[in-house]
Amino acid sequence: MIELKMLSNEIEYIEIKNENATAKIALQGAHVFEYKRSREDDLLWLSEVSDFERGKAIRGGVPICWPSFGANNPELPQHGFARTSLFELISSSEIDTKTTEVELRLRHTQESLKVWNYKFDLLLKVTITDKLTMELKTINTDEKEFKLTQAFHSYFKVSDISNAVVKGLDKKLCFDTLTNRNFVQEGDIIFNQEFDKVYQKVDNEIILNDKEKTIHIENEGSSSIVVWNPWIDKCKRMSAMKNEAYKEFVCIESANAFEDFKVIKPKESHTLKAIIY
Ligand code: TA6
């Protein structure tokens, strides 16, 4: 089943149900805000108090940071404008009873050209089956090249942040955005304070363990991973998050960030892909 539905405040979303999984994708931001495999709990965290409002990013799920990650480009809002822009649903198909595919598109507008003066086509293909696959293709339709940083800013639901262990980043070079220092990760990641680090040269899968639950994150077209949890004080300051919400999620972001930026020449494209299960 693929249905186009509307929340009370005119936020349109696509609801998908097949034998393997269910999912919800908002047209604003091409934002996957729910993904659940049959007989399993939600894989993604969604804030109970998230704003589903035009022009405001949904807190949770998978915001798309594009064409700039973080505050990389001071001309653009934090994490770019894609997550608050209205995408168009361009195709949907039930491949079989267990697999559904939808494709959404964002193109430059007069408004986007004012803040980011490049013409582009941005396509997100989402495949819903026993894995969640997202493929974000950036096509440069301009006559000049542009620099791109981006991320799937995935919020993963955990039983409690103290149970979360992130594996796959041992010995990886990393930039700590809280101290502005580079260092090398030693061992697995556990959480007992604010955490905001960008790992570089990552070409292997990342694993999130939460008690008996294991989530796999495989990436293509990217070699940087951002791991983030706001912890107590930042959580209190953040929009659309309850004070204690930091206990419920960890963000593991499949990114092209920092040195892993991409330069896209006219008529060329780049695809960032994440497979999550
Ligand atoms: O990706 C980590 C991060 O850049 C953090 O520094 C953090 O504050 C965050 O993303 C969430 O940003 P947002 O703009 O969604 O509030």
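An account of the accompanying structure is given in this report.

Parameters at a glance
Residues numbered from 1 in each chain as written. Predicted model: local features only at pLDDT ≥ 70, side-chain atom pairs only at ≥ 80, totals over all residues. Heavy atoms only, no water. Helix = DSSP H or I, 4+ residues; strand = E, 2+ residues; numbered from the N terminus. Rg over C-alpha atoms; globule rule 2.2 N^0.38 Å. Contact = heavy atoms within 4.5 Å. Phe/Tyr/Trp six-rings, centres within 6.5 Å; stacked < 30°, edge-to-face > 60°. Lys NZ or Arg CZ within 6 Å of the ring centre and 35° of its normal. Near = heavy atom within 4 Å. Polar contact = N/O pair within 3.5 Å; in protein donor to acceptor, adjacent residues only side chain to side chain. 1 Å grid on protein atoms, 1.4 Å probe; cavity = no way out; pocket = protein on both sides within 12 Å on 5 of 7 lines; lining within 4 Å. Sits in = over half its atoms within 2 Å of the grid points. Pairing = 2+ DSSP bridges. Axes fitted to C-alpha atoms, helices over the stretch in contact; angles between N-to-C directions. Points joined across faces, edges and corners; volume = space filled by probe spheres on them. Nonpolar A, V, L, I, M, F, W, Y, C, P; charged D, E, K, R; others polar. Core = buried A, V, L, I, M, F, W, Y, C linked by side-chain atoms within 4.5 Å. Buried < 20%, exposed > 50% of the residue type's maximum accessible area, 1.4 Å probe, protein only. Salt bridge = Lys/Arg side-chain N within 4 Å of Asp/Glu carboxyl O.

1. Digging into the overall build of the chain
- For the chain, the count of helices and strands is 2 helices and 22 strands.
- A compact globule built from 277 residues should have a C-alpha radius of gyration of about 19 Å, and the chain, at 18 Å, falls within 12% of that.
- Along the first, second and third principal axes, the C-alpha set of the chain runs to 45 × 45 × 35 Å.
- Once local pairs closer than 6 in sequence are excluded, the contacts in the chain between residues at least 24 apart make up 61%.

2. Focus: the packing of aromatic side chains
- Applying the stated criterion across every chain, the model contains 19 aromatic pairs.
- Following the ring pairs from residue to residue traces out a cluster consisting of Trp-66, Phe-81, Trp-116, Tyr-118, Phe-120 and Phe-146.
- One Lys or Arg, Lys-147, reaches over the ring of Phe-261 and ends 4.5 Å from the middle of that ring.
- Looking at Lys-197, its charged tip hangs above the ring of Phe-195, at a distance of 3.8 Å from the centre.

3. Here we look at the site of the ligand
- Taken together, the neighbourhood of the ligand is formed by Arg-59, Phe-69, Gln-78, His-79, Arg-83, His-153, Asp-196, Val-226, Trp-228, Lys-234, Met-238 and Glu-253.
- Taking His-79, its side chain carries an N or O atom lying 3.0 Å from an oxygen atom of the ligand.
- For the ligand, an oxygen atom lies 2.8 Å from a polar atom in the side chain of Arg-83.
- At a threshold of 2 Å from the grid points, most atoms of the ligand map onto the largest pocket.

4. Thoughts on the pairing of strand 6 (residues 88-96)
- Judged from the 7 bridges that link them, strand 6 and strand 7 (residues 99-107) form a sheet pairing that is antiparallel. Pairing of Glu-94 across the sheet is with Thr-100, part of strand 7.
- Counting the residues in the hairpin turn of strand 6 and strand 7 gives 2 residues.

5. Some points on the pairing of strand 1 (residues 2-6)
- Pairing of strand 1 with strand 2 (residues 12-17) involves 5 bridges; the strand directions are antiparallel. From the neighbouring strand, Leu-4 faces strand 2, where its bridge partner is Ile-14.
- Here strand 1 hands over to strand 2 after 5 residues, with Glu-10 in that stretch at a positive phi of 65°.

6. Focus on the sheet that holds strand 8 (residues 120-128)
- If you trace the 8 strands from one edge of the open sheet to the other, you get 6-7-8-9-22-18-17-13, paired in antiparallel fashion. For this open sheet the edge positions go to strand 6 and strand 13 (164-167), each flanked by a neighbour on one side alone. Between one strand axis and the next, the sheet turns through 15° on average, direction left out of account.
- In this sheet, strand 22 (residues 269-276) lies alongside strand 18 (residues 213-220) in antiparallel orientation, the contact comprising 4 bridges. Paired with Ile-217 across the bridge in strand 22 is Ile-276.

7. As for empty space enclosed by the protein
- This model, assessed by the stated rule, comprises 2 cavities of 30 Å³ or more.
- Taken as a whole, the largest cavity encloses approximately 50 Å³ of empty space.
- Surrounding the largest cavity, Trp-45, Leu-46, Ser-47, Glu-48, Val-49, Lys-242, Ala-245 and Glu-248 form its lining.
- Residues belonging to the lining of the largest cavity are distributed by class as follows: 4 nonpolar, 1 polar and 3 charged.
- Lining the second largest cavity, in full, are Glu-10, Ile-11, Glu-12, Leu-27, Gln-28, Arg-54 and Leu-86.
- Among the residues forming the lining of the second largest cavity, the class breakdown is 3 nonpolar, 1 polar and 3 charged.

8. Things to note about the nonpolar core
- Membership of the largest hydrophobic core comes to 68 residues, with the highest contact counts inside it found for Trp-66 and Phe-191.
- In terms of residues, this core owes the most to one element, strand 8, which gives 5 residues.
- In this structure, Trp-66 is in contact with His-79, Gly-80, Phe-81, Ala-82, Trp-116, Phe-120, Leu-122, Leu-136, Thr-138, Leu-148, Thr-149 and Gln-150, ignoring residues within four places of it in sequence.
- By size, the runner-up hydrophobic cluster in this structure holds 7 residues, among which are Ala-151, Val-226, Ala-255 and Ala-257.

9. As for the layout of surface pockets
- Of the pockets and cavities examined, the largest pocket occupies roughly 520 Å³.
- Of the residues belonging to the lining of the largest pocket, the class tally is 11 nonpolar, 9 polar and 7 charged.

10. Here's the deal with the pattern of salt bridges
- Under the criterion given, the structure shown has 18 salt bridges.
- Put simply, Asp-121 and Arg-107 hold a salt bridge, and the shortest N to O gap is 3.0 Å. Residue Asp-121 is found in strand 8, and its partner Arg-107 is found in strand 7; the two are separated by 14 residues along the sequence.
- With its nearest N and O atoms 3.0 Å apart, the salt bridge here joins Glu-111 to Lys-114. Here Lys-114 and Glu-111 lie together in helix 1 (residues 110-115), a separation of 3 residues that amounts to about one turn.
- Residue Glu-111 is classed as exposed on the basis of its relative accessible area of 54%.
- Linked by salt bridges that have partners in common, Lys-5, Glu-15 and Lys-17 make up one network.

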